[in-house]
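Architecture at a glance
Chain by chain, the residues run as shown.
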Amino acid sequence: MEKVSTLFRKPLAVDEAVIRVQEATGKGRTETVPLYRANGRILAMDLIATHDVPAFNKSPYDGFAVRSADLLRASRDEPVTLPVQYVQGAGHVGEPLREGQAIRIMTGAKIPAGADAVVMLELVQADERVVTFKRPARDANISYRGEDMATGTNIVDRGTRINPGVIALLATFGYEQVDVYVKPHITVFATGDELVEPGQKKADGQIYNSNAYMILAQIEALGGAATYGGILPDTFASTKQAIAEALQTSDAIVTTGGVSVGDFDYLPDVYDALGATVLFNKVGMRPGSVTTVAHVENRLLFGLSGNPSACFVGTELFVGTYMKTLFGQAERPVILAELGVDFPKPNPFDRFVRGHVTIDATGQTVVHPSGKDKSGIVSSLATCNALIHLPGGTRGFQKGDSVRCRIIDQL
Ligand code: AMP
Ligand code: MG
């Protein structure tokens, strides 16, 4: 089959390419999972406080619930002794506090009606009576209803990745099940006759397939369900068949390699043969200018460059945008950081340099390129926690210049 001409491609601005991906992405579906399965999932509802927390005034200490008015004159020299009316454990409620008496109370127990202070066990002498040496302030040692969270407060936004703290909040409000986004099912293929799977024997001229495993990990980290489809040989027929098959069971397909203008780069022809609409096939960015995204029947096809750095950036930018759109999430945070070294290369197009952001001893946020800046470079990926975004049409940058950094991992 004759190749569709890919030689002339008009580059699209990165921001525009991102918008096209957003527009082609539908809304994520949601499902309900038990609370104990929800960690790491993306919350598909705003978490609103459905009751006050605490839900009742309660004691933060073990001690005695008292009326402060009964202890107005209590002091070390003239202690006041109160009989203990009863003992109240957490989870139990009892009679109102009578004047001139005290109720032994445990941490977490509801403050009995009539009491307005708690004296700590450590500060009294107690048996069936309690001897107090100090006048408590009114309201002393009471955790008040609603002081943590008041009914109706929006506690966690939809789109938040559920972590152990969010789990605690969900349980606090009694959720035994949670609405979360369905993980998009994404199949990942590597392409290229030179590729060998890790663990296999590698002959001269061959390389290990690293991109597919990197993409699988990136997708998992973004909250998706990734399936590995294997290495596709550089032939049109096998590539088309594998992608057509995977489309039956995937929300999106990511391929790496074969999307450029080489003699064996068959992805553009495959998209064409599948009747896919190409959103763009060239982006004004480095690395990864050949990145192609197409869509067919509500499914997205991400054709990423085979160059490892370009592939990494392409996954982060475009597959990342797809998933954030599905989940209704905000874009990655962008911060300004001081460039730690000169970056003399001119930037005819937007450049995404793999970077490592740190905060130095003076509190200044500094970013260094995390390795060599070439699209085929793998070594810069491991320590990369940000993409330094140098706008197109700029000359080189110098040490000390303020640059925009898209934070993609923990600092
Ligand atoms: P391509 O985009 O297919 O022209 O590949 C560009 C470069 O990336 C070539 O040097 C390939 O050998 C390399 N490459 C392609 N796929 C992978 C992969 N899965 N893992 C590592 N390197 C790759
Ligand atoms: Mg190739």
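The following paragraphs examine the structure supplied in this document.

As for the site of ligand 1
Lining the immediate surroundings of ligand 1 are 14 residues, of which Glu194, Asn209, Ser210, Gly258 and Gly306 lie closest. With respect to ligand 1, the side chain of Asn209 contributes an N or O atom lying 2.9 Å from a nitrogen atom. Between ligand 1 and Asn211 there is a distance of 3.2 Å, counted from a nitrogen atom to a backbone nitrogen or oxygen. Protein chains shield 76% of the accessible area of ligand 1, which is 490 Å² for the free molecule. Of all the elements in the fold, those that place two or more residues in the shell around ligand 1 are strand 11 (185-191) and strand 13 (207-208). Here the residues of the shell around ligand 1 are counted per class, giving 4 nonpolar, 9 polar and 1 charged.

A closer look at the pattern of salt bridges
A complete count under the given rule lists 10 salt bridges for this structure. The salt bridge partner of Glu16 is Arg20, with a shortest N-O separation of 4.0 Å. Of this pair, Glu16 and Arg20 both sit in helix 1 (residues 14-24), 4 residues apart, which is roughly one turn of the helix. Put simply, Glu316 and Arg332 hold a salt bridge, and the shortest N to O gap is 3.0 Å. Within this pair, whereas Glu316 is found in helix 6 (residues 308-326), its partner Arg332 is found in the loop between helix 6 and strand 20 (334-339), the two being separated by 16 residues in sequence. A relative accessible area of 4% means that Glu316 is categorised as buried. Connected through salt bridges with shared partners, the residues Glu316, Glu331, Arg332 and Arg406 form a single ionic network.

Considerations on the environment of Pro369
Secondary-structure assignment places Pro369 in strand 22 (residues 365-369). Looking at Pro369, the relative accessible area reads 21%, which means it is partly exposed.

Some remarks on the pairing of strand 4 (residues 80-88)
For strand 4 and strand 8 (residues 129-132), the ladder comprises 4 bridges, and the chain directions are antiparallel. By the bridge assignment, Leu82 is partnered in strand 8 with Val130.

Things to note about the state of the cysteines
Applying the stated rule across the entire model yields 0 disulfides. Residue Cys384 stays outside any disulfide, its sulfur separated by 10 Å from that of Cys405, the closest cysteine. A relative accessible area of 6% means that Cys384 is categorised as buried.

A word on unusual backbone geometry
Between Val53 and Pro54 the backbone carries a cis peptide bond, its omega angle lying at -5°. With an omega of -5°, the peptide bond running from Arg286 to Pro287 counts as cis. As for its position among the elements, Pro287 is in the loop between strand 17 (285-286) and strand 18 (292-296). A positive phi angle, close to 45°, is found at Glu297, a residue other than glycine.

Things to note about the sheet that holds strand 7 (residues 125-126)
The sheet built from 6 strands is open, its strands ordered 6-3-5-4-8-7 with mixed pairing. Of all the strands in the sheet, just strand 6 (117-120) and strand 7 have a single pairing partner and so form its edges.

Brief notes about the packing of aromatic side chains
Applying the stated rule across the entire model yields 5 aromatic pairs. Taking the centre distance of 5.4 Å and the plane angle of 50° together, the rings of Phe280 and Phe318 count as tilted. With a gap of 38 residues between them, Phe280 in strand 16 (residues 277-280) and Phe318 in helix 6 connect regions that are remote in the sequence. Per residue, the accessibility class of Phe280 equals that of Phe318, and both read buried. Here Arg76 stacks its cationic end above the ring of Phe133, 4.6 Å away from the centre of that ring.

Let's talk about the packing of helix 3 (residues 211-222) against helix 6
Relative orientation of the contacting elements helix 3 and helix 6 amounts to 30°, with a least axis distance of 10 Å. In terms of orientation, helix 3 and helix 6 fall into the roughly parallel class. Judged by the sense of rotation from one axis to the other, the crossing of helix 3 with helix 6 is right-handed. Side by side, helix 3 and helix 6 meet where Asn211, Met214, Ile215, Gln218, Ile219 and Leu222 of the first sit next to Pro308, Cys311, Phe312, Thr315, Glu316, Val319, Gly320, Met323 and Lys324 of the second. For the contact of helix 3 with helix 6, the class distribution of residues is 9 nonpolar, 4 polar and 2 charged.

The rules we used
- Residues numbered from 1 in each chain as written.
- Chains lettered and ligands numbered in written order.
- Predicted model: local features only at pLDDT ≥ 70, side-chain atom pairs only at ≥ 80, totals over all residues.
- Heavy atoms only, no water.
- Near = heavy atom within 4 Å.
- Polar contact = N/O pair within 3.5 Å; in protein donor to acceptor, adjacent residues only side chain to side chain.
- Areas by Shrake-Rupley, 256 points an atom, 1.4 Å probe, with all protein chains shown as cover.
- Helix = DSSP H or I, 4+ residues; strand = E, 2+ residues; numbered from the N terminus.
- Nonpolar A, V, L, I, M, F, W, Y, C, P; charged D, E, K, R; others polar.
- Salt bridge = Lys/Arg side-chain N within 4 Å of Asp/Glu carboxyl O.
- Buried < 20%, exposed > 50% of the residue type's maximum accessible area, 1.4 Å probe, protein only.
- Pairing = 2+ DSSP bridges.
- Disulfide = S-S within 2.5 Å.
- Phe/Tyr/Trp six-rings, centres within 6.5 Å; stacked < 30°, edge-to-face > 60°.
- Lys NZ or Arg CZ within 6 Å of the ring centre and 35° of its normal.
- Axes fitted to C-alpha atoms, helices over the stretch in contact; angles between N-to-C directions.
- Parallel < 35°, antiparallel > 145°, perpendicular 65-115°, else oblique.
- Left-handed = near helix turned anticlockwise from the far one by under 90°.
- Contact = heavy atoms within 4.5 Å.

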